[in-house]
Amino acid sequence: MRALDSSIVEAEFDDLVTANAAYAEANDVSGFDGVARAGVAIVTCMDSRIQPLEMVGLGLGDAKIFRNPGGRVTPQALEALVLGVHLLNVSRILVVPHTRCAVATSSEADLRRRIAESAGADASWQPLHVVGDQLAALVEDVRKVRTHPLIPSSVLVGGFVYDVDTGLLERVV
Ligand SMILES: [Zn+2]
């Protein structure tokens, strides 16, 4: 594949692209068809302390992963889950927020102030979906999945909290 943008500066991502070449050499990624082989979908946070596949013993090809700040069941998450359930072999869904999550421990005003400071610009227009009560939000998010008209009751849905200090999942709902 040829670069489409002549202004690309190779060095900007060199370390990662080099690592990718080693990854491609060491891993046989061919032969997968894109379904979730283990029948699992996980909605979780973008947090770098979470390894969604590894934390439940899964690997390449096993699961559909949807991530966003807070691990919330947003309209896009539901879109992914509907696709997963009907077209990609998903039969079990885990919704997994986590301890010490920035969007569940900060106020919208505080996050907005920190972003505005970092950007040196007004951030008042940027939506920031903070979570007031994390457990109540999880219950509501699981309910959204369970009651979705296109997600059948045969699909198992669990709400868990991942502890970033112990690595353990605790089921809440
Ligand atoms: Zn988080």
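Here, the structure is the one placed above.
Residues numbered from 1 in each chain as written. Predicted model: local features only at pLDDT ≥ 70, side-chain atom pairs only at ≥ 80, totals over all residues. Heavy atoms only, no water.

1. Focus on the sheet that holds strand β4 (residues 156-162)
- Overall, mixed pairing links the five strands, which are arranged β2-β1-β3-β4-β5 in an open sheet. Pairing within the sheet leaves two strands with one partner each, and these edge strands are β2 (63-68) and β5 (169-171). Looking at each pair of strands side by side, their axes are set apart by 25° on average, direction ignored.
- The pairing of β4 with β5 spans three bridges and is classified as antiparallel. Counterpart to Y162 in the pairing with β5 is L169.
- Across the sheet, helix α5 (residues 134-146) lies against β3 (92-96), β4 and β5, angled at about 160° from β4, the strand it touches most. (Pairing = 2+ DSSP bridges. Helix = DSSP H or I, 4+ residues; strand = E, 2+ residues; numbered from the N terminus. Axes fitted to C-alpha atoms, helices over the stretch in contact; angles between N-to-C directions. Contact = heavy atoms within 4.5 Å.)

2. Concerning the pairing of strand β1 (residues 40-45)
- Along β1, six of the six residues are buried, which leaves the element largely enclosed by surrounding structure.
- Of the pairings in the sheet, the one linking β1 to β2 comprises six bridges and is parallel in character. Its bridge partner being in β2, V40 is matched across the sheet by A63.
- Summarising the sheet, β1 and β3 pair through five bridges and their orientation is parallel. Bridge pairing in β3 places T44 opposite V96. (Buried < 20%, exposed > 50% of the residue type's maximum accessible area, 1.4 Å probe, protein only.)

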